[in-house]
Amino acid sequence: MTILSVKAFGGLKPVVKPRLLNEVEAQVAQNVRLTSGSLEPLRGLTTLKSTTLAAPKTIFRYGSSATETNYWLEFANDTDVMRSPIPNDQYDRLYWTDGVGLPRYAPNSMILTGAPYPGSSYQLGIPAPTAPSITSFTAAGTGKVPESRTYVVTYVSAYGEEGPPSAASAVVSLDPSLSVGITMPGAPTGSYNITLKRIYRSSTVGTSAQFQFVAEVAVAQTTYTDTIAQANLGEILPSEGWVAPPTDLKGLRMMANGAAVGFSGRTVYFSEPNMPHAWPHKYTIDFDIVGIATYGQTVAVLTTAYPFLIQGADPAAMTPTKLEVPQACVSKRSILETGDGVIYASPDGLVALGNTIEVITKSLISRDQWQAYVPSSMDAYLYNGRIHLVYYTGSVRGMLILDTSGTGAVLTTCSLGATQAFTGGYYDSTSDTLYFAQNSAIVRFDRGSNATATWRSKLFRLPWQQNFAVGQVRAATYPVTLRVYGDSTLRLTQTVTSDELFVMPGGFRALDWEFEMDATGEVSEVVLATSTADLKAV
């Protein structure tokens, strides 16, 4: 007797020839959830809300509203959004970069001013003022000790964030016991939300020359008379080097210590911890940077050639290390942070970088097969322990799903975005939902009615040419469409409506057999047998 029986359904392994797959592995496993052994379909899409922008490239859910439709930010460009690193930030600020426009940030009151969110924003960082001038002073008279004095000023935002100092005023020798008049610049141009200026003057602290705090004045005030005695000066200037980020910063991320990090060209920039307006630290890499990701106190820098790690707890004293593994990153939007490492698309496959670095798809898919999916087009999203890779070959849109949880088939595919592109996506941990931007809507992934699952078996080679007489499909719901192939020729298309046996067509024999089925419910077994008695014996 000859029986072809499949009682468990697995995923894809295209690197292996169809005849050499094991009994449960598939040639096609599309729109399937293979976690229990049975074949179960993914659920389809449901629409959450319309978008204001047509096909936004980035969506981001803001706030903690229990209403799922609140509040969604939309961006036309590939944009990296960072929540405030400041603990319990009363302004609930967001920060974002896209490498096209200036780095931006906004408090709650500006983000929600009007659709599309964010309604308005400020430029990130605080500029250095132009130098002040000493305009009136008295020279030291006979018998008095003169002081050589100079002044700097800084801008201060409405949130108390202080920027870098101006250039120093010209040095003047004067009588320190008498008043000194200075003039200062007014407010800077640009949307910085500057409300104050701080004035510092030169002073000797111990054996070092420093600038010490004199006064704080409104940003519009342009003159000041200094009558502060040396003994009453305040703190030493804290903001030397606290420059704004570069205007083309992108890849914005936050480290565990609260420091923000981003990149431009071949340079990685770091802010002071919990001070996203101040970016005094930078490290240059040997190759053009495609994207970055963070885990713990590590920044993974993914380039057009080799990956680098920049590690440390202090942004001023980080250690860059080149990993001697030539695994370039080919798509910034393929980069995923997993908590203990990073995943990204390389020319050879999907790379996992953490304690080690490896191509985690190499046992599943060959380099040539991987290249056919055009990895430079890939966007990646992590959801329920599965990596969802959205790709576009130039003619075909689709999704690879890689299960890293250990609870199901390792590789499957999905066609839910095949006809209408997913242009952006966002995983929301509050609702445990993966959302996509599709056309002019935000849709929920795997939240609708069951999709049509398609699964094709391995190629079964019999000892000699034979024909099967009967078949059976055991499923939770029907109908199930079954297609049976013998020697690569379609021999039967059967709409199965129950678990009753059905008769196979006669008049031929074949050596190689395979079957494919479409189902919208759970399927637990498919059996083909050379006789009714053989099938009932299964």
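Above this text you will find the structure in question.
Just so it is clear, the structure is predicted and the values come from calculations on it, not from any experiment.

Chemist: Any chance you could explain the overall build of the protein chain here in plain terms?
Modeler: The helix and strand inventory of the protein chain stands at three helices and 46 strands. The globule rule puts the C-alpha radius of gyration for 538 residues at 24 Å, and the 32 Å found for the protein chain is more than 25% above it. Overall size of the protein chain, expressed as C-alpha extent along the three principal axes, is 125 × 45 × 35 Å. Of the side chains in the protein chain, 38 bear a positive and 44 a negative charge, and the two mean positions are spaced by 5 Å.

Chemist: Quick question: what am I supposed to make of a nonpolar patch on the surface here?
Modeler: Together, Met1, Ile3 and Val538 line one region of the surface with nonpolar side chains, adding up to about 290 Å² of accessible area. Looking at the secondary structure, you find isoleucine 3 in strand β1 (residues 3-6).

Chemist: Help me out: how do you make sense of the packing of aromatic side chains in this one?
Modeler: In this description, an aromatic ring pair is defined by two values, namely the gap between the centres and the angle between the planes. Going through the model one piece at a time under the given rule, you end up with 22 aromatic pairs. On the numbers, 4.9 Å between centres and 85° between planes, the contact of phenylalanine 9 with tryptophan 455 is edge-to-face. Pair noted here: phenylalanine 9 is in the loop between β1 and β2 (28-30) and tryptophan 455 is in strand β39 (residues 453-456), with a separation of 446 residues, a long-range link. Residue phenylalanine 9 shares its accessibility class with tryptophan 455, and that shared class is buried. Of the aromatic side chains, those joined through ring pairs into one cluster are Tyr91, Tyr95, Tyr105, Tyr122 and Tyr159. The side chain of lysine 458 reaches across the aromatic face of phenylalanine 460, ending 5.5 Å from its centre. Sitting over the face of the ring of phenylalanine 508, arginine 491 holds its NZ or CZ atom 4.2 Å from the ring centroid.

Chemist: What's the story with unusual backbone geometry in this structure? I'm lost.
Modeler: Residues other than glycine predominantly adopt negative phi, and peptide bonds predominantly adopt the trans conformation. Here the bond from alanine 115 into proline 116 is cis, since omega is -5°, no more than 30 degrees from zero. For the bond running from tyrosine 478 to proline 479, omega is 5°, close enough to zero to count as cis. Mapped onto the secondary structure, proline 479 falls in the loop between β41 (470-475) and β42 (480-486). One non-glycine residue, asparagine 31, adopts positive backbone phi at about 60°. With respect to the helices and strands, asparagine 31 occurs in the loop between β2 and β3 (32-33).

Chemist: Can you walk me through the nonpolar core in this structure?
Modeler: Soluble, globular proteins show a tendency: their nonpolar side chains are buried together. Residues Phe9, Trp455, Leu482, Trp513, Phe515, Met517 and Val523 are the most contacted members of the largest nonpolar core, which totals 49 residues. For this core, the element with the most residues is strand β45 (residues 510-519), which contributes five residues. Trp72, Tyr122, Tyr159 and Ile442 belong to the second largest nonpolar core, which has 28 residues in total.

Chemist: Just to check I follow, could you spell out the pattern of salt bridges for this structure?
Modeler: Side chains bearing opposite charge may pair, as long as their charged atoms lie close to each other. Scanning the model with the defined rule gives 26 salt bridges in all. A salt bridge links arginine 93 to glutamate 161, with the shortest nitrogen-to-oxygen separation between them at 3.4 Å. Of the two residues, arginine 93 sits in the loop between β8 (80-83) and β9 (94-97) while glutamate 161 sits in the loop between β14 (151-157) and β15 (172-174), which places them 68 residues apart along the sequence. Looking at glutamate 161, the relative accessible area reads 9%, which means it is buried. A network of salt bridges, in which partner residues are shared, links Asp78, Asp80, Arg253, Lys332, Arg333, Glu337 and Asp379.

Chemist: How should I be thinking about the side chain of threonine 423 in this particular structure?
Modeler: The topology assignment puts threonine 423 in strand β36 (residues 422-428). Setting aside residues up to four positions removed in sequence, threonine 423 forms contacts with Ala55, Pro56, Lys57, Arg333, Asp379 and Ala437.

Chemist: For this particular structure, what's the right way to read the side chain of serine 334?
Modeler: Residue placement: serine 334 occurs in the loop between β27 (319-322) and β28 (336-337). Relative accessible area serves as the criterion here: at 0%, serine 334 is assigned to the buried category. In terms of polar contacts, serine 334 uses its side chain to reach the backbone carbonyl oxygen of serine 331, at 2.7 Å. Beyond its immediate sequence surroundings of up to four residues, serine 334 is in contact with Cys329, Ile343, Tyr344, Ala345, Met378, Asp379 and Ala380.

Chemist: Is there a simple way to think about the sheet that holds β27 in this case?
Modeler: Hydrogen bonds between backbone atoms are what pair the strands of a sheet, whose relative direction is either parallel or antiparallel. What the four strands build is an open sheet, ordered β24-β25-β26-β27; its pairing is antiparallel. Of all the strands in the sheet, the pair left with one neighbour each is β24 (289-295) and β27. Strand-to-strand twist across the sheet, computed as the mean angle between neighbouring axes with direction ignored, equals 20°. As paired elements, strand β25 (residues 298-303) and strand β26 (residues 307-311) share five bridges and run antiparallel to each other. Within β26, the residue paired with valine 301 across the bridge is phenylalanine 308.

Chemist: Where do I start with the pairing of strand β30 (residues 350-353) in this structure?
Modeler: Consecutive side chains of a regular strand alternate in pointing toward one face of the sheet and then the other. Burial along β30 is two-sided: the residues Leu350 and Ala352 and Val351 and Leu353 are all buried. Across four bridges, strand β29 (residues 342-345) lies against β30 in antiparallel orientation. Bridging across to β30, alanine 345 finds its partner in leucine 350. Here β29 hands over to β30 after four residues, with glycine 349 in that stretch at a positive phi of 155°. Two elements, β30 and strand β31 (residues 357-359), share three bridges in a ladder whose sense is antiparallel. Looking at β31, one finds that valine 351 is bridged to valine 359. Joining the antiparallel neighbours β30 and β31 is a turn of three residues.

Chemist: Can you walk me through the sheet that holds strand β22 (residues 267-270) in this structure?
Modeler: On the basis of which strands lie adjacent, the open sheet formed by four strands has the order β20-β21-β22-β23 and antiparallel pairing. The open sheet has two free edges, formed respectively by β20 (250-254) and β23 (281-284), since each of these has just one partner strand. Taken over all neighbouring pairs, the strand axes of this sheet differ in orientation by 20° on average, direction set aside. Looking at chain direction, β22 and β23 are connected through four bridges and run antiparallel. Paired with tyrosine 269 across the bridge in β23 is lysine 282.

Rules and cut-offs
- Here the residue numbering is sequential within each chain, running from 1 through the sequence in written order.
- Where totals are concerned, whole chains, interfaces and linings use all residues; where local detail is concerned, this predicted model gives features only for residues with pLDDT of at least 70, and gives and counts side-chain atom pairs only at 80 or more.
- Neither water nor hydrogens contribute to the side-chain values; these are computed over all heavy atoms in the structure.
- Going along the chain from the N terminus, every DSSP run of H or I of four or more residues is numbered as a helix, and every run of E of two or more is numbered as a strand.
- For the radius of gyration, the atom set is restricted to C-alpha positions; the globular benchmark scales as 2.2 Å times the number of residues to the power 0.38.
- When charges are counted, Lys and Arg contribute as positive and Asp and Glu as negative, whereas His and the chain ends are disregarded.
- The atom standing in for a charge is NZ when the residue is Lys, CZ when it is Arg, CG when it is Asp and CD when it is Glu.
- Here a patch means residues that are over 30% exposed by relative accessible area and free of salt bridges, tied together within 9 Å if like-charged and within 5 Å if nonpolar (Val, Leu, Ile, Met, Phe, Trp, Tyr).
- Computed with a 1.4 Å probe, the accessible areas rest on the Shrake-Rupley method; for each residue, only the protein chains presented here act as cover.
- By convention in these notes, a salt bridge is any Lys or Arg side-chain nitrogen within 4 Å of a carboxyl oxygen on Asp or Glu.
- Each pair of aromatic rings taken from Phe, Tyr and Trp, with Trp reduced to its six-membered ring, is defined by centres within 6.5 Å and is described as stacked if the planes are under 30 degrees apart, edge-to-face if over 60, and tilted in the remaining cases.
- Under the scheme applied here, a residue whose accessible area is under 20% of the maximum for its type counts as buried, over 50% as exposed, and between as partly exposed, the area being computed with a 1.4 Å probe on protein chains only.
- Definition used: whenever NZ (Lys) or CZ (Arg) falls within 6 Å of the ring centre and also within 35 degrees of the ring normal, the charge is taken to sit over that ring.
- Take the buried Ala, Val, Leu, Ile, Met, Phe, Trp, Tyr and Cys residues and link them wherever side-chain atoms come within 4.5 Å; each set so joined is a nonpolar core.
- Residues are treated as being in contact if the distance between any of their heavy atoms lies within 4.5 Å.
- Between N or O atoms, a polar contact is any pair within 3.5 Å; within protein, one atom must be a potential hydrogen donor and the other a potential acceptor, and residues adjacent in sequence are included only when both atoms are from side chains.
- Two strands are counted as paired when DSSP detects at least two bridges linking them.
- Where helices are involved, their axes are fitted lines through C-alpha atoms of the stretch in contact, as for all axes, and angles between N-to-C directions lie from 0 to 180°.

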